[in-house]
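Architecture and fold: a report
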Amino acid sequence: MKHEAIRELTALYALDALGPDEARAVEAHLEEGCPECAEELAELRKVTAGLAVSVPRVEPSPAVKADLMARVAVTRPLRPGRRLVYRAPRVWIPAAAAAMVMAVLGWQTITLRQAVDQQHAQITALSDQLESQQELTRLIASAAARIIELAGTEARPAANARVLWDTSAQVWHFFVTNLAPLAEDQTYQLWFVTGGEPRSAGTFRTDETGTAHLRVDLPADLTGVAAAAVSLEPAGGVPQPTGAIVLLGTV
Amino acid sequence: MQPKTLRQRIHLGDDESLLRRIQRRDETALEELYDRQSTAVYSLALRIVGDRAAAEDVLSDVFWRVWRRAETFDPRRGSPTAWLLTITRRRALDELRMGARRERRERSPDAMGEVPQERAPSPEDEALAGEVQEHVREALSALPPEQRGPIELAYFEGLTHVEIADRLQEPLGTIKTRIRAGMQRLRESLMAYFGQMQ
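Residues numbered from 1 in each chain as written. Chains lettered and ligands numbered in written order. Predicted model: local features only at pLDDT ≥ 70, side-chain atom pairs only at ≥ 80, totals over all residues. Heavy atoms only, no water.

Some points on the pairing of strand β6 (residues 212-217) of chain A
Residues and elements named next belong to chain A. Where burial is concerned, the two faces of β6 differ: the one with A212, L214 and V216 is buried and the one with H213, R215 and D217 is not. Inspection of the sheet shows strand β3 (residues 171-177) paired to β6 by 6 bridges, in the antiparallel sense. Across the sheet, F175 pairs through a bridge with H213, a residue of β6. (Buried < 20%, exposed > 50% of the residue type's maximum accessible area, 1.4 Å probe, protein only. Helix = DSSP H or I, 4+ residues; strand = E, 2+ residues; numbered from the N terminus. Pairing = 2+ DSSP bridges.)

Some thoughts on the confidence of the model for chain B
All names here are of chain B. Summarising the model, chain B shows a mean pLDDT of 80, and 75% of its residues fall at 70 or more. Confidence over residues 1-13 falls short of pLDDT 50; this stretch has 18 contacts with residues more than four positions distant or in other chains. Per-residue pLDDT stays below 50 along residues 107-125; that stretch engages in 20 contacts with residues further than four places along the chain or on separate chains. For this predicted complex, the interface score ipTM comes out at 0.78, while the overall pTM is 0.56. (pLDDT = per-residue confidence, 0-100. Contact = heavy atoms within 4.5 Å.)

Some thoughts on a negative patch on the surface
Residue and element names in this part refer to chain A. On the surface, E31, E32, E184 and D185 cluster together into a negatively charged patch. Here E31 is to be found in helix α3 (residues 20-31). Residue classification places E31 among the partly exposed positions, given a relative accessible area of 42%. (Patch = residues over 30% accessible without salt bridge, like charges linked within 9 Å, V, L, I, M, F, W, Y side chains within 5 Å. Areas by Shrake-Rupley, 256 points an atom, 1.4 Å probe, with all protein chains shown as cover. Salt bridge = Lys/Arg side-chain N within 4 Å of Asp/Glu carboxyl O. Lys, Arg positive; Asp, Glu negative; His and termini not counted. Charge placed at Lys NZ, Arg CZ, Asp CG, Glu CD.)

Looking at the side chain of D166 of chain A
Residues and elements named next belong to chain A. Examined against the element boundaries, D166 turns out to sit in strand β2 (residues 160-166). Buried charge without a salt bridge: D166, with R215 as the nearest opposite-charge side chain at an N-O distance of 6.8 Å. Side-chain polar atoms of D166 contact the backbone nitrogen of S168, separated by 3.1 Å. Those residues in contact with D166 that lie beyond four places of it in its chain are L139, A144 and V171. (Polar contact = N/O pair within 3.5 Å; in protein donor to acceptor, adjacent residues only side chain to side chain.)

Some remarks on helix α3 (residues 27-49) of chain B
Residues and elements named next belong to chain B. The terminal C-alpha atoms of α3 lie 28 Å apart, and with 23 residues this falls more than 12% below the ideal 33 Å at 1.5 Å per residue. Q37 marks where α3 bends most, by close to 55°. With respect to burial, α3 is a largely interior element, 17 of its 23 residues being buried. A positive phi of about 70° marks G50, the residue just after α3. (Expected span 1.5 Å × (residues − 1). Bend = angle between axes of the 7 residues up to and from the residue.)

A look at the environment of R71 of chain A
One can find R71 of chain A in helix α5 (residues 62-74). By relative accessible area, which is 22% here, R71 of chain A ends up partly exposed. As for R71 of chain A and I110 of chain A, which are separated by 39 residues in sequence, their C-alpha atoms are 8.4 Å apart. In this view, R71 of chain A contacts Q114 of chain A together with S60 and W64 of chain B; residues no more than four positions away in its chain are not counted.

Side note on the interface of chain A and chain B
Taken together, the 40 residues of chain A in the interface contact 52 residues of chain B. Of the roughly 4600 Å² buried where chain A meets chain B, counting both sides, 64% is carbon and sulfur surface. Three residues stand out in chain A for area buried against chain B, namely R57, V58 and E59 of chain A, and they jointly supply 17% of the buried area on that side. Applying the counting rule to chain A against chain B returns 6 salt bridges. Across the pair R187 of chain B and E43 of chain A runs a salt bridge, and its minimum N-O distance is 2.9 Å. Viewed at the interface, chain B and chain A are joined by 11 residue pairs in polar contact (both at pLDDT 80 or more). Of all the secondary-structure elements, those providing two or more residues to the side of chain A that touches chain B are α2 (10-14), α4 (35-53) and α5 of chain A. (Buried area = accessible area lost by both parts, 1.4 Å probe.)

Observations concerning the sheet that holds β2 of chain A
Residue and element names in this part refer to chain A. In space, the 8 strands of this open sheet follow the order β5-β4-β7-β8-β1-β2-β3-β6, with antiparallel pairing throughout. One side of each edge strand has no neighbouring strand; the edge strands of this open sheet are β5 (199-204) and β6. Each strand axis lies, on average, 20° off the axis of its neighbour in the sheet, ignoring direction. (Axes fitted to C-alpha atoms, helices over the stretch in contact; angles between N-to-C directions.)

Structure representation (structure tokens):
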């Protein structure tokens, strides 16, 4: 998009009031380096920060801080001598020490409760994971599944990826392996390649083992998908591919 | 009292070093940052979600994220306060959308809890926070309502310009123009104010 068109959008961008495509266009323009828009945006961001602090000030309940710090304490690595296990106090300790023991016990109750909460969260996460794996298993067995194999180009010869395409729910499950992780200012972007212009299917980063998994709902108006491609782009992604194509596969 | 520079007055440097200590898993730094910023975070969350219990969830979650993900803070992209308040706004808007869904399912009569009381917290920092707050409020209320309304809908309710136009039954072009004009006025007013402080 042209500079003049972007200038019309900066105030809306600072307020986070743009749709995703326009927001990406603003980001792409800034990535290209436009000092004028960057400065304007920096000042507009101060305005939005101002909006945030213009609200009536209300103090939170002290209980929130106590809970937070207890939760933080649970994440501390356990060292010998700092255990969550209760050890019986020796009977002769004086009252002050007993009071302290009671205080510690209170603290331990909080941390134990937090530990239980954490395990609950873990169970929820695991069952979500199980559910999505069951979805994939059902998909693989069904007639609605199609597979697109993507091969690494000369830019990333070791990489390979596969799209498991659920043609009834119109979902892409994209799996990639051996794709080197990127620096902070870059991203990989997946594209639906059709007869016309490619359309973005989203950006992703790979972990230190070079793998990633992306679940993408296909836009309802998308037709004639002929191929899938991954390009290397500046962080935040771009409306149309600009960088090297690193993975490519036809339907 | 010695006159302070703007930077000292709004403690930007301090929050940055606190975040660096949090990255090194320093719990006392988290506690300090909480003491300094929890009122701002909570107040913004409460303004967005409109419910004390939900705002407390947001507050606790924001600082939990700070603890786990302090390394994602990038000083080149803005101040720690701006970063914290951005996280807060996003998290509160999520809560608002989730809450709206919940409420449609089960309408409970006392879900709103008690009415928030406005109370001024600690002395000196608060005086300054109050000053800036007062100025922004004045600048906001000086805007014509047809500019202020859409800006508030975007910021506090998380609506896009298209949704705002839809909500207010106005043409999209009109809404865009009003938001731009309003934001420019706020910007000029704030820059003049900060300029005078320095």
